[in-house]
Amino acid sequence: MGVYLVSVEADDWLDDEEGFGPVARAVDTALAERGLPPFVCPPVTEFRAGSGRHFEEKLYRPISGFERFCSELADGTVDALLGWDVLLPVELEAPLVLPVECSYNDVTAVWDAPRVLAAARRVAELLALPPGIPEHCDNLEIGIWFDRRAEAAAASSPGRWTEDLDVAFHAALFLRAAEYSLRSGRPLAYS
């Protein structure tokens with residue numbers, strides 16, 4: 001069990017019973033109020049390991065250090081990276097707060113991937129994340145990299161990121177999540 005950050009397929013995005021149907025409808029209503037077209041989730045794709053067509057990462061490391069690090073930046077980074085429930089691959093003037101219950105909140109906060117990507121890139125640069133962290137992650141690849149390859153990477157790419165691997169993990173997670181959302185056109189959500 002635990003909390004996962006996952007890409008949302010079209011069939012789940014529109015599903016009323018076990019998916020995001022209520023969120024999808026509320027998103028479309030909010031977008032229409034802003035004069036924007038409805039969000040269309042790309043068609044379902046078959047899972048192929050290593051293809052980068054799906055995103056799934058388990059938030060298995062403590063997040064408190066990352067939250068503290070982002071809060072110290074005092075520029076809204078903590079909200080951009082930790083203040084959303086659903087990430088959309090569209091540009092919004094401001095985040096949406098929808099009166100729809102989601103997995104972990106009474107309302108659903110929807111942020112846009114470009115805004116999250118900008119914040120994630122800033123954190124990644126501040127930490128000087130090393131090369132080699134998987135870019136096309138479809139099945140817990142970031143966590144596996146931190147468990148199996150971070151120590152060797154620290155020897156060849158020392159830097160601030162090595163001071164707290166929990167912080168570095170979350171920085172990489174949100175960076176790759178925002179990149180994935182924009183690349184694939186798919187939303188991300190917690191499950």
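Structural notes, computed from the coordinates. The structure displayed is predicted, hence computed values, not measured ones. (Residues numbered from 1 in each chain as written. Predicted model: local features only at pLDDT ≥ 70, side-chain atom pairs only at ≥ 80, totals over all residues. Heavy atoms only, no water.)

Thoughts on the sheet that holds strand β1 (residues 4–7)
Counted only if it meets this: Strand pairing is assigned whenever DSSP identifies at least 2 bridges connecting the two strands. Put simply, DSSP H or I for four residues or longer makes a helix, DSSP E for two residues or longer makes a strand, and each gets a number counted from the N terminus. For helices, the fitted line uses only the C-alpha atoms of the stretch in contact; every axis is such a line through C-alpha atoms, and the angle between N-to-C directions lies from 0 to 180 degrees. Residue contacts follow a heavy-atom distance rule, with two residues in contact if any of their heavy atoms lie within 4.5 Å.
Across the sheet, which stays open at both edges, the six strands sit in the order β2-β1-β6-β3-β5-β4 with mixed pairing between neighbours. The open sheet has two edge strands, β2 (56–58) and β4 (96–98), and neither has a second partner. Neighbour to neighbour, the strand axes of the sheet diverge by 20° on average, direction disregarded. As defined by bridge partners, β1 adjoins strand β6 (residues 188–190) across three bridges and the pair is classed as antiparallel. Within the sheet, the bridge partner assigned to S7 lies in β6 and is L188. Packing against the sheet, helix α2 (residues 21–33) makes contact with β3 (86–88), β4 and β5 (108–112), and its axis sits at approximately 130° to β4.

Observations regarding the packing of helix α6 (residues 141–148) against helix α8 (residues 165–184)
Defined as follows: By definition in this entry, angles of less than 35 degrees are roughly parallel, angles greater than 145 are roughly antiparallel, angles of 65 to 115 are roughly perpendicular, and the rest are oblique. The sense of a crossing depends on the near helix, which, turned anticlockwise from the far helix by less than a right angle, makes the crossing left-handed and, turned clockwise, makes it right-handed. For this scheme, ten residues count as nonpolar: Ala, Val, Leu, Ile, Met, Phe, Trp, Tyr, Cys and Pro. Four count as charged, namely Asp, Glu, Lys and Arg, and the remainder, Gly too, count as polar.
The contact between α6 and α8 brings their axes to 10 Å, and the two run at 150°. With respect to α8, the axis of α6 lies roughly antiparallel. α6 and α8 meet at a crossing whose hand is right-handed. Side by side, α6 and α8 meet where I142, G143 and F146 of the first sit next to L165, A168, F169, A172, L173 and R176 of the second. Of the residues contributing to the contact of α6 with α8, the split by class is seven nonpolar, one polar and one charged.

Re the side chain of R186
For the record, the criterion: Partly exposed residues are those whose accessible area sits between 20% and 50% of the maximum for their type, while under 20% is buried and over 50% is exposed, using a 1.4 Å probe and protein chains only.
By the secondary structure assignment, R186 is in the loop between α8 and β6. Its relative accessible area of 5% is what places R186 among the buried residues. Not counting the four nearest positions on each side in its chain, R186 is found in contact with V8, E9, P42, P43, V44, T45, R53, L87, P89, Y180 and S181.

Some thoughts on α6
Applied cut-off: Directions drawn from the helix axis to the C-beta atoms are what define this arc.
Of the residues making up α6, those classed as buried are I142, G143, W145 and F146. Across the axial projection of α6, the buried residues extend over an arc of 160°, all falling on one side. Seen from the open side of α6, the exposed residues pointing more than 90 degrees away from its buried face are D147 and R148. On its buried face, α6 sits against β2, α7 (150–156) and α8.

A word on the nonpolar core
Looking at soluble globular proteins, one finds that nonpolar side chains tend to be buried together. Operational definition: Buried Ala, Val, Leu, Ile, Met, Phe, Trp, Tyr and Cys residues that are joined via side-chain atoms within 4.5 Å together make up what is termed a nonpolar core.
Membership of the largest hydrophobic core comes to 44 residues, with the highest contact counts inside it found for L5, F55, L81, V123, L129, F146 and W161. Those elements that place two or more of their residues in this core are α3 (64–71), α4 (77–82), β5, α5 (113–127), α6, α7, α8 and β6. It is α8 that contributes the most residues to this core, eleven residues altogether. In this structure W161 touches L127, A128, L129, P130, W145, F146, A150, A153, A154 and A168, once residues within four positions along its chain are discounted. Within the second largest apolar cluster, 20 residues are counted, among which are V8, W13, V23 and A189.

With respect to the pairing of β5
With five of five residues buried, β5 is to be regarded as a mostly interior element. Side-chain alternation along β5 places T108, V110 and D112 on one buried face and A109 and W111 on a second face that is also buried. Pairing between β3 and β5: three bridges, direction parallel. Of the residues in β5, the one forming a bridge with V86 is V110. Taken together, the three bridges between β4 and β5 define a ladder with antiparallel strand orientation. By the bridge assignment for β5, L98 is matched with T108.

Focus on the pairing of β1
Where β1 lies against β2, three bridges are found, and the strand directions are antiparallel. Its bridge partner being in β2, Y4 is matched across the sheet by K58.

Considering unusual backbone geometry
You will see that A74, though not glycine, has its phi angle at about 50°, which is positive. Structurally, A74 is set in the loop between α3 and α4. Residue A74 is classed as exposed on the basis of its relative accessible area, which comes to 71%.

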